Amino acid sequence: MSVHSEIKKVTTETLRKMKFDKEKITMLTAYDYTTAKMVDAGGIDAVLIGDSAANVMAGFETTLPITLDQMIYHTQSVVRGTDRALVVADLPFGTYQSNAEKALESAVRMMKEGGAHAIKIEGGKEISKPIKKLIHAGIPVMGHLGLTPQSIYQFGTYKVRAKEDEEAEKLIRDAQLLEELGCFSVVLEKIPADLAKKVTESISIPTIGIGAGPHCDGQVLVYHDMVGMNKGFSPKFLRRYLDLYTEITGAVAQYVKDVKEMDFPNEKESY
């Protein structure tokens, strides 16, 4: 039996069952083949090709500039490096909000060309028509509520969302609506832990938190943040499991020194 035939792939149904069984879901971002292979080998349940690629891969200040073509390229790369995890890709800003037909066209490209297993889109009631269209077409949809980075210019800040009662109540209603529409899961970003607990208990689909406390059904982090590649980004919710920035810059500095001092390559490293 080959190694590949022994691997049990994670599906949207797997995530639903994990919530039912009270087993926490793990999710990390990946944007390229090499990272996807490592994340998948580490046992992650789901890989997100986030539009955060605009920030960490391209150096943009917000997620808004990344295009559908660019997201498809990143998704193709990740899919080729993933054997087990569920692969979810963000639809970028401007590819689904305006109308349901455009949303379907974008999502179909992401599935057919990118190879994604599911797509993620931001928003609640305001985008119910696009969500309905995608789900009716058989496309698995993950929702995203709370801090929705594609709406950053509307919010004007990356601060915690839904602290006020009115916004908190709307968020709960939106989460329930996403379940009714047929979403298989919902990301909750930067909301109070107590509210995330209420939302998680009020719906039967899994919630995946980022900066939303311990009561969600799962957690997601940006890979580059989690392994410490970014120095300047230190939100309260982030736990760094490595300090790769220091490790890598140190390794580069040593390489530079070795080359300049003619220590590399040595006799053993030469033909």
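Whatever comes next refers back to the structure up there.
Owing to the predicted nature of the structure, the values given are computational and were not obtained by experimental measurement.

Caption draft 1: Representation of the layout of surface pockets in the model. The space that makes up the largest pocket amounts to roughly 700 Å³. When its residues are assigned to classes, the lining of the largest pocket shows 16 nonpolar, eight polar and eight charged. Within this model, the second largest pocket holds a volume of roughly 450 Å³. Forming the walls of the second largest pocket are 20 residues, and the residues nearest its centre are G123, E126, T148, S151 and F155. When residues of the lining of the second largest pocket are traced back to their parent elements, those giving at least two are strand 5 (141–146), helix 8 (152–155) and helix 9 (165–181). Counting residues per element, the lining of the second largest pocket draws most heavily on helix 9, at four residues. Of the residues in the lining of the second largest pocket, the class split is six nonpolar, eight polar and six charged.

Caption draft 2: Spatial organisation of the sheet that holds strand 3 (residues 86–90). Strand order in the closed barrel formed by eight strands is 1-2-3-4-5-6-7-8, with parallel pairing between adjacent strands. Here the strands of the sheet are splayed against their neighbours by 25° on average, with no regard to which way each runs. Sheet topology places strand 1 (residues 25–29) next to strand 2 (residues 46–49); three bridges connect them, and they run parallel. Considered in strand 2, the bridge of M27 is made with A46. Seen against the sheet, helix 9 touches strand 5 and strand 6 (185–189) and runs at an angle of roughly 175° to strand 5.

Caption draft 3: Quick look at the environment of K102. For K102, the location among the structural elements is in helix 6 (residues 100–112). Taking the C-alpha atoms as reference points, K102 and K133, 31 residues apart in sequence, are found 10.0 Å from one another. Setting aside residues no more than four positions away along its own chain, K102 makes contact with G94 and T95.

Caption draft 4: Examining a nonpolar patch on the surface more closely. Side chains of I248, V252, Y255, V256, V259 and F264 sit close together on the surface and give an oily, nonpolar patch of about 510 Å² of accessible area. Among the structural elements, Y255 can be located in helix 12 (residues 244–260).

Caption draft 5: Structural view of the pattern of salt bridges. Summed over all chains, the structure comprises 14 salt bridges. The residue D21 makes a salt bridge to K17 at a minimum N-O spacing of 2.6 Å. Residue D243 pairs with K231 through a salt bridge whose shortest N-O separation is 3.8 Å. Of this pair, D243 sits in the loop between helix 11 (223–226) and helix 12 while K231 sits in the loop between helix 11 and helix 12, and the two are 12 residues apart along the sequence.

Caption draft 6: Summary view of the packing of helix 6 against helix 7 (residues 128–136). At a closest axis distance of 8 Å, the pairing of helix 6 and helix 7 adopts a crossing angle of 45°. One element, helix 6, and the other, helix 7, form an angle in the oblique class. Helix-helix and strand crossings are classified by hand; for helix 6 and helix 7 the assignment is right-handed. Here A100, E101, A103, L104 and A107 of helix 6 lie close against helix 7, whose contacting residues are K129, P130, K133 and L134. Each residue belonging to the contact of helix 6 with helix 7 can be placed in one class, and the counts come to six nonpolar, no polar and three charged.

Caption draft 7: Region of interest: a negative patch on the surface. Taken together, E164, D165, E166 and E169 make up a surface patch of like negative charges. Position of E164 among the secondary structure elements: in the loop between helix 8 and helix 9. Using a relative accessible area of 57% as the deciding quantity, one classes E164 as exposed.

Caption draft 8: Quick look at the pairing of strand 1. Of all five residues in strand 1, four are buried, a share of seventy percent or more. Across four bridges, strand 1 lies against strand 8 (residues 218–221) in parallel orientation. Paired with T26 across the bridge in strand 8 is Q219. A crossover links strand 1 with its parallel partner strand 2, the connecting element being helix 3 (residues 33–41), and its sense is right-handed.

Caption draft 9: Local environment of the state of the cysteines. Inspection of every chain in the model, using the stated rule, returns zero disulfides. With no disulfide partner, C183 has as its closest neighbouring cysteine sulfur the one in C216, 16 Å distant. In this structure C183 comes out as buried when scored by relative accessible area, which is 2%.

Caption draft 10: Representation of the packing of helix 9 against helix 10 (residues 193–202) in the model. At a closest axis distance of 10 Å, the pairing of helix 9 and helix 10 adopts a crossing angle of 30°. One way to sum up the angle between helix 9 and helix 10 is to call them roughly parallel. Here the hand of the crossing between helix 9 and helix 10 comes out right-handed. Contacts from A168, L171, I172, A175, Q176 and E179 of helix 9 reach helix 10 at L195, K198, V199 and S202.

The rules behind the values
Residues numbered from 1 in each chain as written. Predicted model: local features only at pLDDT ≥ 70, side-chain atom pairs only at ≥ 80, totals over all residues. Heavy atoms only, no water. 1 Å grid on protein atoms, 1.4 Å probe; cavity = no way out; pocket = protein on both sides within 12 Å on 5 of 7 lines; lining within 4 Å. Points joined across faces, edges and corners; volume = space filled by probe spheres on them. Nonpolar A, V, L, I, M, F, W, Y, C, P; charged D, E, K, R; others polar. Helix = DSSP H or I, 4+ residues; strand = E, 2+ residues; numbered from the N terminus. Pairing = 2+ DSSP bridges. Axes fitted to C-alpha atoms, helices over the stretch in contact; angles between N-to-C directions. Contact = heavy atoms within 4.5 Å. Patch = residues over 30% accessible without salt bridge, like charges linked within 9 Å, V, L, I, M, F, W, Y side chains within 5 Å. Areas by Shrake-Rupley, 256 points an atom, 1.4 Å probe, with all protein chains shown as cover. Salt bridge = Lys/Arg side-chain N within 4 Å of Asp/Glu carboxyl O. Parallel < 35°, antiparallel > 145°, perpendicular 65-115°, else oblique. Left-handed = near helix turned anticlockwise from the far one by under 90°. Lys, Arg positive; Asp, Glu negative; His and termini not counted. Charge placed at Lys NZ, Arg CZ, Asp CG, Glu CD. Buried < 20%, exposed > 50% of the residue type's maximum accessible area, 1.4 Å probe, protein only. Right-handed = clockwise from strand over helix to strand, strands pointing away. Disulfide = S-S within 2.5 Å.

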